[in-house]
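Summary of the model geometry
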Amino acid sequence: MLENQIKKLTAILTDEDLQNYSGECFWNLIQAVIAEDPFSGIAAGKNVKELVFHMPTVLFWDKMKRFLMGTFHDYQDQIKMAQKFNKDNKNYTVFVKRQIHLINNLDDDMKINYFAALTRCLLITDLTESLYFKLCKFLSICTPGELMFLKTCEYDFKGENNAIISALFQYGLFTQIEEDETGETFYVLSDFAKALKQNCINFNDELHEKSRLISYEQLAPLNIAESIPNADIDKLFDNQEMSTI
């Protein structure tokens, strides 16, 4: 059933439809979603009414309402999003379908709000689609508490390992640095975490002269400890044996 509903919604969210309906169809959909009575005073087309009527749960529409209101401040915003795909309706439909799946799977109101902020960032900045969907994945796997921890972290945060940092380290949101003088290992925000903060969870904050991280090409690779080749391990044992002779 969800697959059919996705098809109905993506059929509306294409630039061709936007042109055919002269700017009314999508905006009427938004009004239908955010109104307490979806059909009271709404000049929505029949297809929009049927779409709202057949959506399976109030919970989905509550999440969709948060997303739409947080992302598109007016109808021209939706036109701008469609234009990013250079009138390629097929790719735009795939993009919207992925968004709907993401919205449906997010399990917290705060995550929906962050997803709306991230999508608005895609709308009004040069954030690439590939990094956009990677940052979406972080929203999905992080707990609300982990996201709040990242939100409050300074960009130059440096700390020792603990439970929450170790979890975020496994996601790639923290990376290791080693102090040259002491040899101690500390944990700092990875560029993925900084991109998540700039373009999503701290999107409304000032950048304070920092460059916005908008593509994979700008991100430094994670500092991941590499495994020792077997040949090197054998040499270590050989050296130890020689030292005992």
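Scroll up a little and you will see the structure.
Residues numbered from 1 in each chain as written. Predicted model: local features only at pLDDT ≥ 70, side-chain atom pairs only at ≥ 80, totals over all residues. Heavy atoms only, no water.

Considerations on the pairing of strand 3 (residues 185–189)
With four of five residues buried, strand 3 is to be regarded as a mostly interior element. Where strand 1 (residues 158–159) and strand 3 come together, two bridges link them in antiparallel fashion. Looking at the pairing, Lys-158 lines up with Val-188 of strand 3. Examined bridge by bridge, strand 2 (residues 174–178) and strand 3 share five bridges and lie antiparallel to one another. Paired with Phe-174 across the bridge in strand 3 is Leu-189. (Buried < 20%, exposed > 50% of the residue type's maximum accessible area, 1.4 Å probe, protein only. Helix = DSSP H or I, 4+ residues; strand = E, 2+ residues; numbered from the N terminus. Pairing = 2+ DSSP bridges.)

Looking at the nonpolar core
By size, the foremost hydrophobic cluster in this structure holds 52 residues, and its most contacted members are Phe-95, Phe-115, Tyr-132, Leu-150 and Leu-173. Per-element accounting of this core gives the leading share, ten residues, to helix 8 (residues 109–124). Setting aside anything within four residues of it in sequence, one finds Leu-173 in contact with Phe-138, Cys-142, Leu-150, Leu-168, Val-188, Leu-189, Ser-190, Phe-192, Ala-193 and Leu-196. (Core = buried A, V, L, I, M, F, W, Y, C linked by side-chain atoms within 4.5 Å. Contact = heavy atoms within 4.5 Å.)

Quick word on the sheet that holds strand 3
Strand order in the open sheet formed by three strands is 1-3-2, with antiparallel pairing between adjacent strands. Single-partner strands in this sheet number two, and they are strand 1 and strand 2. Each of strand 2 and strand 3 is contacted by helix 11 (residues 163–171), which is oriented at about 105° to strand 2, the strand it contacts most. (Axes fitted to C-alpha atoms, helices over the stretch in contact; angles between N-to-C directions.)

So, helix 6 (residues 75–83)
Listing the buried residues of helix 6 in full gives Tyr-75, Asp-77, Gln-78, Met-81 and Ala-82. Take helix 6 and look down its axis: the buried residues cluster within an arc of 155°, on one side only. Of the residues in helix 6, the exposed ones pointing more than 90 degrees away from the buried face are Gln-76 and Gln-83. (Arc of directions from axis to C-beta.)

A short note on the packing of helix 10 (residues 144–152) against helix 11
At their nearest, the axes of helix 10 and helix 11 sit 11 Å apart, and the two run at 95° to each other. With respect to helix 11, the element helix 10 is oriented roughly perpendicular. Within the contact between the two elements, helix 10 uses Gly-145, Glu-146, Phe-149 and Leu-150 and helix 11 uses Ile-164, Ile-165, Ala-167, Leu-168 and Tyr-171. (Parallel < 35°, antiparallel > 145°, perpendicular 65-115°, else oblique.)

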